[in-house]
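Reading the structure
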Amino acid sequence: MPGPFSQKEIVLGVTGSIAAYKACDIASRLVEAGANVIPVLTRSAQEFVGPVSFEAITGNHAITALFERLQNPEIEHIAVARRAHLFLIAPASANILAKAAHGIADDWLSTTLLATRAPILFAPAMNTQMYLHPATQANIEILRARGCSFAGPASGTLACGEVGPGRLIETSAILEAAGVLLSEQKDLAGKRVLITSGATHEPLDPVRFLGNRSSGKMGRALALEALRRGADVTVVSGPAQAPLPHAAEVVRVKTALDMLEAVQSRVDTVDVFIAAAAVADYRVDAPAPSKHKHTGASLQLTLSPNPDIAAWVGQHKRPGQVSVGFAAETDDLLNHAGAKLAAKNLDLIVANSVGGAHCAFGADSVLAWLLTPGNPPEPLDLISKEDLTQRIFDKVALLLQS
Ligand code: PMT
């Protein structure tokens, strides 16, 4: 399935920053995702990186000067400004932010920023004091008010030794923000989506727990797709490795009881609830206050059932609210999924295999079916988690209209 970058033309403006070398990775990830990337290096950027790397990565001429001799007889910067689907300035120095905010057009990039009507995304990178300076902050405010978007900066130790905001945010976060801006399908605009994701950890003692292998990749893919379609997204996440999109609100929890409480306090205000978390069905009755000692004797644990979060939402669903669940089964997948669809009063359940050759836990692709009440299961075969989430939200958008 084509993603948001497929066949899109993106101007990647690289400005003078020690982080300029990271723009090569950004260019390469954009090309991988299907975009046509036009690299533009300001004069200062060329002190840090050369055009040849960008030309090799993108297959396009890297623009380095306003009046360079080009084969294209069109007024090149105006033509590119018209064609581009997105201007991504990464890293964005304090200087380019100031020029863009005040309409200064003294090189190719700043001139073309004035000429384009494409969305503009800045990923700032600079010294902390420069970033926090009232002049830079005021420029950012001006640009935001004009509809420009920002990814980062991140905080941390900078090349100059200072600690604070000013680091170029990770490439994945820049791509997430770019994907949201490029996505044309905004059928969830104005909708609120609540997603549970990851595992739960049920403590045995202060250092041990009962858990499972959920990586959070499915929750991440769901959150990203919902954001791309224009939704406000909250993820209640148990422990998981996959990073969640920066644009989502993230509520971190550990146990099933914490997850239930976090969902109960938020679900009333959402249009869509999606239970993708692998919630522990049982918890240890009385976790030991100190670490269990290895005595050599066998250890008996009494487990109590955890509340079923998806079923609770199903019981308290508002008219018009859509709830989606997952069924993770090692055997008899479709029968179990059908039973869960009914028992939890879901509008849609995604049956995914967690046994045999195709185990959904931690994987990038899943063997999946979609089940809705009264209809035969819809097979999706082996499908990437990204493509699966597109199919899920296609159905959710229809359910919201019905
Ligand atoms: O995180 P990944 O590594 O990407 O893996 C993704 C996944 C395998 C975790 C995901 O695709 C998935 O299948 N999630 C649901 C896992 C699960 O617990 O399934 P279940 O069949 O046991 O539960 C059925 C449904 O009830 C699920 O929507 C589950 O979130 C929900 N549930 C279950 C128990 C419980 N106490 N509360 C719940 O809300």
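In what follows, the structure referred to is the one given above.
This text gives an overview of the structure that appears in the document. As the structure is a prediction and not an experimental result, all values here were calculated from the model.

1. Description of the overall build of the protein chain
A count of helical and extended segments in the protein chain gives 13 helices and 19 strands. For the protein chain, the spread of C-alpha atoms along the three principal axes comes to 75 × 50 × 40 Å. Per-residue burial for the protein chain yields a buried fraction of 50% across its 402 residues. Taking the intrachain contacts of the protein chain between residues at least 6 apart in sequence as the baseline, contacts between residues at least 24 apart amount to 67%. Counting every atom, the protein chain has about 18800 Å² of accessible surface; 52% of that belongs to carbon and sulfur. Side chains of the protein chain carry 34 positive and 38 negative charges; the gap between the two charge centres is 3 Å.

2. Some points on the site of the ligand
Neighbouring residues of the ligand: 26 residues in total, closest Ser214, Ser215, Ala277, Lys340 and Asn352. Ala276 places a main-chain nitrogen or oxygen 2.9 Å from a nitrogen atom of the ligand. The pocket occupied by the ligand, as judged from atoms lying within 2 Å of grid points, is the largest pocket. When contributions to the shell around the ligand are tallied by element, the ones reaching two or more residues are helix 9 (217-228), helix 11 (309-315) and strand 16 (322-329). Counting residues per element, the shell around the ligand draws most heavily on strand 16, at four residues. Across the shell around the ligand, the residue classes break down as 14 nonpolar, six polar and six charged.

3. Examining the pattern of salt bridges
All told, the structure shown has 16 salt bridges when counted by the stated rule. Of the charged contacts in the structure, one is a salt bridge between Lys217 and Asp364, with a shortest N-O distance of 2.9 Å. With Lys217 in helix 9 and Asp364 in the loop between strand 17 (348-353) and strand 18 (365-371), the pair connects residues that are 147 residues apart, well separated along the chain. You can call Lys217 partly exposed: its relative accessible area is 29%. A salt bridge links Glu225 to Arg229; the shortest N-O distance between them is 2.8 Å.

4. Comments concerning the sheet that holds strand 5 (residues 149-150)
Judged by pairing direction, the sheet is parallel, and its five strands sit side by side in the order 2-1-3-4-5 without closing on themselves. Taken across any chain shown, the strands that pair with only one partner, and hence form the sheet edges, are strand 2 (36-41) and strand 5. Inspection of the sheet shows strand 4 (residues 120-124) paired to strand 5 by two bridges, in the parallel sense. When the bridges of strand 5 are listed, Leu121 appears paired with Ser149. Together, strand 1 (9-14), strand 2, strand 3 (86-92) and strand 4 form the strand contacts of helix 5 (residues 108-115), whose direction differs from that of strand 3 by roughly 145 degrees.

The rules behind these values
Counting from 1, residues in each chain are numbered in the order their sequence is written. Owing to the predicted nature of the model, reporting of local features is limited to residues with pLDDT of at least 70; listing and counting of side-chain atom pairs is limited to 80 or more, with chain, interface and lining totals taken over all residues. Heavy atoms throughout the structure, all of them, feed into the side-chain values; hydrogens and water do not. Counting from the N terminus, the helices are DSSP H or I runs at least four residues long and the strands are E runs at least two residues long. Here the term buried applies to any residue with accessible area under 20% of the maximum for its type, exposed to any over 50%, and partly exposed to those in between, with areas from a 1.4 Å probe on protein chains only. The contact criterion used is simple: two residues touch if any of their non-hydrogen atoms lie within 4.5 Å. Exposure was quantified through the Shrake-Rupley algorithm and a 1.4 Å probe, taking into account, for residues, occlusion by the shown protein chains and nothing else. A residue counts as positive if it is Lys or Arg and as negative if it is Asp or Glu; His and the chain ends are not included. Working definition for charges: the position is that of NZ of Lys, CZ of Arg, CG of Asp or CD of Glu. Throughout, the term near means that a residue has one or more heavy atoms lying within 4 Å of the molecule or strand in question. Pairs of N or O atoms are called polar contacts if they sit within 3.5 Å, as long as, within protein, a hydrogen donor faces a hydrogen acceptor (for residues adjacent in sequence, only side-chain-to-side-chain pairs). Of the grid points, spaced at 1 Å and generated over the protein atoms alone, those admitting a 1.4 Å probe that cannot get out make up cavities, while open sets with protein on both sides within 12 Å along at least five of seven lines make up pockets; any residue with an atom within 4 Å of a point is treated as lining. Placement in a cavity or pocket follows one criterion, namely that more than half of the molecule's atoms lie within 2 Å of its grid points. The classification used treats Ala, Val, Leu, Ile, Met, Phe, Trp, Tyr, Cys and Pro as nonpolar, Asp, Glu, Lys and Arg as charged, and all other residues, Gly among them, as polar. Should a side-chain nitrogen of Lys or Arg be within 4 Å of a carboxyl oxygen of Asp or Glu, the pair is scored as a salt bridge. One requirement defines pairing of two strands: DSSP has to find at least two bridges between them. Whenever a helix is involved, its axis is fitted only over the stretch in contact; in every case the axis is a line through C-alpha atoms, and angles between N-to-C directions fall within 0 to 180 degrees.

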